[in-house]
Amino acid sequence: MQLSVKLPESDRARTKNRVENYWKTNFIADVPHFNALADQKHMFGEGRARIIFFGLSDNTMSGHILEFVSGSYKKTHRHGPGAHIIILSGSGFSLVWPEGGEGSRVDWKPGVIISPPDMWYHQHFATGKDPARHLALRWGSLEYPGVTNWRKYQENFGEQIEYEDEDPAIRETFARECRANGVEVRMDPVVYRTRK
Ligand SMILES: [Fe+2]
């Protein structure tokens, strides 16, 4: 059963009237090719990414399939522990780091699993020529939110950092890697706000 779920509004304007597609199921026949994805503009620029959220088998397990275009990257965010991100296709890398600390880079190939530790920032970069697709599995469904409250998480996208507020070195590194791979950068121009 597929539901369109209106998410709670927060004081952040971008969540106003936001609706996500949420699929209640106990079986997904073909995750790599599942195509009932909907545009997702809040975690990317417009037209860069598509997503479907899942509630699995009427229990606490949840997840999503996310696909984003070559030459794009997701905004940074963080949340509680336990999410497992399984790389299905595309090439690129993820960065994971604790606030104020040193992190690490994980290069992708299909089958790689990334599980960011509790409240570590993480960010995903598609620097290859094909679209990037991953499956994320985690605790906290819409029906049974658990401690990683799905609704609460959705209100602010997991303390998401907007492109305008991120370290400019992130985009520079990304663009350099795209160039090295002969990949066009498909990101909207950014004007950085003063960082605190
Ligand atoms: Fe995440």
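Everything below is about the structure printed above this text.
Bear in mind the structure is a predicted one, so any value in this text is a computation, not a measurement.

What about the coordination of the iron ion?
Bound to the iron ion are the protein donor atoms His 77 (NE2), His 79 (NE2) and His 122 (NE2), situated 2.1 Å from the metal. We note that the donor set of the iron ion lies within a single chain, spaced as H-x1-H-x42-H. Exposure remark for His 77: the relative accessible area of 5% places this residue in the buried category. Taking the relative accessible area as the measure of exposure, His 79 reaches 17% and is therefore buried.

Overview of the pattern of salt bridges
Within this structure, the stated rule accounts for eleven salt bridges. Put simply, Glu 162 and Lys 75 hold a salt bridge, and the shortest N to O gap is 2.7 Å. Within this pair, whereas Glu 162 is found in the loop between helix H1 (150-156) and helix H2 (168-180), its partner Lys 75 is found in the loop between strand E6 (72-73) and strand E7 (84-89), the two being separated by 87 residues in sequence. Lys 75 shares its class with Glu 162; the two are buried.

Considering the environment of Ile 170
With respect to the helices, strands and loops of the structure, Ile 170 is situated in helix H2. With residues up to four places along the chain from it excluded, the contact list for Ile 170 reads Tyr 73, Gln 123 and Phe 125.

Overview of the sheet that holds strand E8 (residues 92-97)
The strand order across the open sheet formed by four strands is E6-E11-E8-E9, and the pairing between neighbours is antiparallel. Of all strands in the sheet, those with a lone pairing partner are E6 and strand E9 (104-107), marking the two edges. The sheet contact formed by E6 and strand E11 (residues 121-126) spans two bridges and is antiparallel. By the bridge assignment, Tyr 73 is partnered in E11 with Phe 125. Each of E6, E8, E9 and E11 is contacted by H2, which is oriented at about 25° to E11, the strand it contacts most.

Considering the environment of Tyr 163
Residue position: Tyr 163 is located in the loop between H1 and H2. The sequence separation of Tyr 163 and Lys 74 amounts to 89 residues, and the corresponding C-alpha distance is 9.0 Å. Tyr 163 has contacts with Met 43, Phe 44, Gly 45, Tyr 73, Lys 74, Lys 75, Arg 171, Met 187, Val 190 and Tyr 192, leaving out every residue within four places of it along the chain.

Comments concerning the side chain of Ser 70
In this fold, Ser 70 is placed in the loop between strand E5 (61-68) and E6. A distance of 2.6 Å separates a polar side-chain atom of Ser 70 from the backbone oxygen of Gly 128. Those residues in contact with Ser 70 that lie beyond four places of it in its chain are Ala 126, Gly 128, Lys 129, Asp 130, Pro 131, Val 183, Glu 184 and Arg 186.

Side note on the side chain of Arg 48
For Arg 48, the location among the structural elements is in the loop between strand E3 (38-39) and strand E4 (49-56). The contacts of Arg 48, once residues within four sequence positions are left out, are Glu 67, Phe 68, Val 69, Ser 72, Arg 186, Met 187 and Asp 188.

Overview of the pairing of E9
Here four bridges tie E8 to E9, and the two strands are oriented antiparallel to one another. Counted as the bridge partner of Ser 94 is Val 106 from E9. Hairpin remark: E8 followed by E9, antiparallel, with six residues in the connecting loop; positive phi at Gly 100, about 75°.

Reading guide: rules and limits
- Residues numbered from 1 in each chain as written.
- Predicted model: local features only at pLDDT ≥ 70, side-chain atom pairs only at ≥ 80, totals over all residues.
- Heavy atoms only, no water.
- Donors = N, O, S within 2.8 Å, 3.2 Å for Na, K, Ca; no water.
- Buried < 20%, exposed > 50% of the residue type's maximum accessible area, 1.4 Å probe, protein only.
- Salt bridge = Lys/Arg side-chain N within 4 Å of Asp/Glu carboxyl O.
- Helix = DSSP H or I, 4+ residues; strand = E, 2+ residues; numbered from the N terminus.
- Contact = heavy atoms within 4.5 Å.
- Pairing = 2+ DSSP bridges.
- Axes fitted to C-alpha atoms, helices over the stretch in contact; angles between N-to-C directions.
- Polar contact = N/O pair within 3.5 Å; in protein donor to acceptor, adjacent residues only side chain to side chain.

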